[in-house]
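Breakdown of the fold
The lines below spell out each chain.
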Amino acid sequence: MAMGVKSSLRCHLLFALLAVNGLAVTDHAAGARIPEVHGTSFANQAVSLPAQLQDKAAGILVLGFSRGSREAVTDWAQKIAGDYRSSEVVAFYELPVVASVPSLLRGLVLRSIKSSTPERAYQRILPITSNEEGWREVVHYGAADDAYLLIVDGQGNVVWQTQGQPTDAAYAALKQQVEGLAGKSAR
């Protein structure tokens, strides 16, 4: 019994250490499926997730749930776009979650987000206007001002996640996961 408690404690300490360093890879995230989304990107293109991921090796989704998360989301997006903006095998989307914003204010919030976004990024920004609870569950929502990142496979199953500000270690882990999925799909 004591051995099992020590092992469990070590496991929890390891996950806590990884989370502090921005490398939170949660077992409970693996296998979860993202909610379906049918919406319009800022470029006025219809987007359906996870359907649009079917021919991709991986999808990178960066979610923000508050105005305070915008900086972290933008920082992650700039790093990711540098490597995957024109990728044929990786889909990349920013998902501002605005479902809980009152409908009278939602248009104003979306215009504010759009005006602070470079036009070249419009096609990858898909506002989430419904099922906020489903998204919160998938990302294991905890901190309003964090950015939440999901790496998903072509069916929308979560294979990796992290949250918070981008760090070099977290970005290296993200790239490793994406490249691993790309390698599997090439076979």
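Treat the numbers as computed from the prediction; the structure is a model and nothing was measured.

The next subject is the packing of aromatic side chains. Considering all chains together, one arrives at five aromatic pairs under this definition. A ring pair is formed by W76 and Y171, whose centres lie 6.4 Å apart and whose planes are at 45 degrees; its orientation type is tilted. Placement of the pair is W76 in helix α2 (residues 70-84) and Y171 in helix α5 (residues 168-186), with a sequence separation of 95 residues. One exposure class covers both W76 and Y171, and it is buried. Grouped by ring-pair contacts, the aromatic residues F65, Y141 and Y148 constitute a single cluster. When the ring centre of Y171 is taken as reference, the NZ or CZ atom of K79 above it lies at 5.4 Å. One Lys or Arg, R136, reaches over the ring of Y141 and ends 3.9 Å from the middle of that ring.

This paragraph deals with α2. Residues spaced three or four apart along an α-helix face the same direction, because each turn holds 3.6 residues. Spanning 15 residues, α2 covers 20 Å between terminal C-alpha atoms, matching the ideal 21 Å at 1.5 Å per step. Listing the buried residues of α2 in full gives A72, V73, W76, A77, I80, A81 and Y84. For α2, the arc enclosing every buried residue in end-on projection is 155 degrees, short of the 170-degree limit, so these residues lie on one face. Residues of α2 that are exposed and angled more than 90 degrees away from the buried face: E71, Q78 and G82. Lining the buried residues of α2 we find β3 (58-64), β4 (90-96), β5 (147-152), β6 (158-163) and α5.

What follows deals with the pattern of salt bridges. Evaluation of the coordinates by the stated rule reveals five salt bridges. We note a salt bridge from R70 to E94, for which the minimum N-O separation is 3.5 Å. Here R70, found in helix α2, pairs with E94, found in strand β4; they are 24 residues apart in sequence, far enough to count as distant. With a shortest N-O distance of 3.4 Å, D83 and K175 are connected by a salt bridge. Of this pair, D83 sits in helix α2 while K175 sits in helix α5, placing them 92 residues apart in sequence. On the basis of relative accessible area, D83 is assigned to the partly exposed category, the value being 39%. When salt bridges with common partners are traced through the structure, they connect R70, E94 and R124 into a single cluster.

Positionally, A32 belongs in the loop between α1 (2-20) and β1 (37-40). A32 sits 107 residues away from V139 along the chain, and the two C-alpha atoms are 9.4 Å apart. Every residue in contact with A32, bar those within four places of it in the chain, is listed here: G156, N157 and V158.

Criteria and cut-off values
Residues numbered from 1 in each chain as written. Predicted model: local features only at pLDDT ≥ 70, side-chain atom pairs only at ≥ 80, totals over all residues. Heavy atoms only, no water. Phe/Tyr/Trp six-rings, centres within 6.5 Å; stacked < 30°, edge-to-face > 60°. Helix = DSSP H or I, 4+ residues; strand = E, 2+ residues; numbered from the N terminus. Buried < 20%, exposed > 50% of the residue type's maximum accessible area, 1.4 Å probe, protein only. Lys NZ or Arg CZ within 6 Å of the ring centre and 35° of its normal. Expected span 1.5 Å × (residues − 1). Arc of directions from axis to C-beta. Contact = heavy atoms within 4.5 Å. Salt bridge = Lys/Arg side-chain N within 4 Å of Asp/Glu carboxyl O.

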